[in-house]
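# Examination of the molecular architecture
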Amino acid sequence: MSAKKNNIKQFHFFHLLKGDKLIWAVVVLLGLFSFIPVYSASSNLAYIYGNGNTLSFLLNHLAHLLIGFFLIFAVSKIPYNYFKGLCVLALPLVIILLVYTLFQGTTIDGANASRWIKIPLINKTFQTSTAAAVILMVFVARYLSKIADKEITFKSSMIHLWLPVGAVLVLILPANFSTTAILFAMVLMLVVVGGYPLKYVGIILLAGIIVLSVFMLSAKAFPGLFPNRVDTWISRVENFASADDKEIYQVEKAKIAIARGGVFGVGVGKSVQRNFLPQSSSDFIYAIIVEEMGLVGGFLVLFAYLLILFRLVVVAIKAPSIFGKLLIIGVGLPIVFQALINMGVATELFPVTGQTLPLVSSGGSSIWMTCVALGMVQSVCAKRESLRNKTDIQNQQDDVKSGYNQEENPLEILSETL
């Protein structure tokens, strides 16, 4: 009798997890797997900034993941069409935070860290660009869904689309070139998928290249005009593009770690390069994974992200509305691309970017905003599941026409008004 009750409780627990079950499974497995490399790689940080106790780093990572999983669950319960109005409310706030971060960015362990701000009361730092990236992609998906099947003029899109996009990108650029470049590329990909005219996309791409060139020339001509981070990312790009054999210290140590790993690795917890590789538990954690678990472990991690990519494509195709499709593509694909870029940096396919490995690297901001994005994806999947129920057959015809059921949604009214 008790076993039957346990089965019923277990059924109700899993029944609460709405959305794509395979995405849930891969995300949870990546989160559980992350404890191994984070615990191993944090040993160096424990001796440099602590008393050698790595348990505190592990508990900190556990707290970040638990909050992240709660965010996926909570956001997945929000009807996805509400995100149209929420992004309109959040975008001005994000722009204000980016301006504040640009001028008041905090320092971490004495190093310039103008990408972060310190949250009052809890004394924790938060990277505002991670939140800006998710909100901006939702905003672009909203705009594209509104103009679907309508004639698009470049002038109107400049005001309603590219002006907000440009404001966010310009504010992120001085402190974080890699996030700016990735976000710009993701926006261009999304507008192409959303049916935005290719001739206009070419104009925007050219404008972006010109703005970046002028910015870099200004930074070279007037040293000290911009935050110290500008000099850092400019030098990284120049070193990567140069023809000489000089390597950045982090890349050199990452390549040594990967070479030591071989096929099966040196064993969990036996990494040597974690003691020399900066950011071994975040930006370069993939090198530590390969060193300890070999190419087998590295390919399994890669396969997990490719599996997420596959499911994102599947659920996007089956999404119940245009906004749902664009939302999944806009907030979901950047997670996979960020993972591929992180791996590419460790293998010197890309210049050093500072991008973490989603759901695996330590760090609160990255984990939380990745989980918010995944929660949005699961919200779309949950709506599709509800449409499949026999009790919703009558509403399904209205949903196909409107993109969502016609319930009183003040956020939807706000979105359509602005």
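Above this text sits the structure in question.
Structure report, in brief. (Residues numbered from 1 in each chain as written. Predicted model: local features only at pLDDT ≥ 70, side-chain atom pairs only at ≥ 80, totals over all residues. Heavy atoms only, no water.)

## A short note on the side chain of Lys-253
- Summarising the element assignment, Lys-253 is placed in helix H10 (residues 249-261).
- Comment: no salt bridge for buried Lys-253; closest opposite-charge side chain is Glu-252, at 5.0 Å.
- Dropping the residues within four chain positions of it, Lys-253 is found in contact with Gln-273, Phe-276 and Leu-277. (Helix = DSSP H or I, 4+ residues; strand = E, 2+ residues; numbered from the N terminus. Buried < 20%, exposed > 50% of the residue type's maximum accessible area, 1.4 Å probe, protein only. Lys, Arg positive; Asp, Glu negative; His and termini not counted. Salt bridge = Lys/Arg side-chain N within 4 Å of Asp/Glu carboxyl O. Contact = heavy atoms within 4.5 Å.)

## Observations concerning unusual backbone geometry
- At Asp-149, a residue that is not glycine, the phi angle is positive and equals roughly 65 degrees.
- Its location among the elements puts Asp-149 in the loop between helix H5 (128-146) and helix H6 (154-172).
- Positive phi, normally seen in glycine, also occurs at Leu-359, with a value near 70 degrees.
- Looking at where Leu-359 falls in the secondary structure, it is placed in the loop between helix H12 (322-346) and helix H13 (364-388).

## A closer look at a nonpolar patch on the surface
- Together, Val-263, Phe-264, Leu-295, Val-296, Phe-299 and Leu-300 make up an exposed nonpolar region whose accessible area comes to about 630 Å².
- Here Leu-300 shows up in helix H11 (residues 285-317). (Patch = residues over 30% accessible without salt bridge, like charges linked within 9 Å, V, L, I, M, F, W, Y side chains within 5 Å. Areas by Shrake-Rupley, 256 points an atom, 1.4 Å probe, with all protein chains shown as cover.)

## What about the side chain of Ser-40?
- For Ser-40, the location among the structural elements is in helix H2 (residues 21-49).
- Residue Ser-40 is classed as buried on the basis of its relative accessible area, which comes to 4%.

## With respect to the environment of Val-140
- By the secondary structure assignment, Val-140 is in helix H5.
- Distance in space between the C-alpha atoms of Val-140 and Leu-188 is 9.9 Å, their sequence separation being 48 residues.
- Setting aside residues no more than four positions away along its own chain, Val-140 makes contact with Leu-161, Val-165, Val-187, Leu-190 and Val-191.

## Structural notes on the packing of H11 against H12
- Close contact between H11 and H12 brings their axes to 10 Å; oriented N to C, the two are set at 165 degrees. Compared by their axis directions, H11 and H12 come out roughly antiparallel. For H11 against H12, the interelement crossing comes out left-handed. From H11, Tyr-286, Ala-287, Val-301, Leu-302, Tyr-305, Ile-308, Leu-309, Leu-312, Val-315, Ala-316 and Ile-317 reach across to H12, where they touch Lys-325, Ile-328, Ile-329, Gly-332, Leu-333, Val-336, Ala-339, Leu-340, Asn-342, Met-343 and Ala-346.
- Counted by class, the contact of H11 with H12 contains 19 nonpolar, two polar and one charged residues. (Axes fitted to C-alpha atoms, helices over the stretch in contact; angles between N-to-C directions. Parallel < 35°, antiparallel > 145°, perpendicular 65-115°, else oblique. Left-handed = near helix turned anticlockwise from the far one by under 90°. Nonpolar A, V, L, I, M, F, W, Y, C, P; charged D, E, K, R; others polar.)

## As for the pattern of salt bridges
- In this structure the tally under the stated criterion is three salt bridges.
- Among the salt bridges present, the one from Arg-311 reaches Asp-20, with a minimum N-O distance of 2.5 Å. Residue Arg-311 is located in helix H11, and its partner Asp-20 is located in the loop between helix H1 (2-15) and H2; the two are separated by 291 residues in the primary sequence. Across the pair, Asp-20 and Arg-311 agree in class, each one buried.

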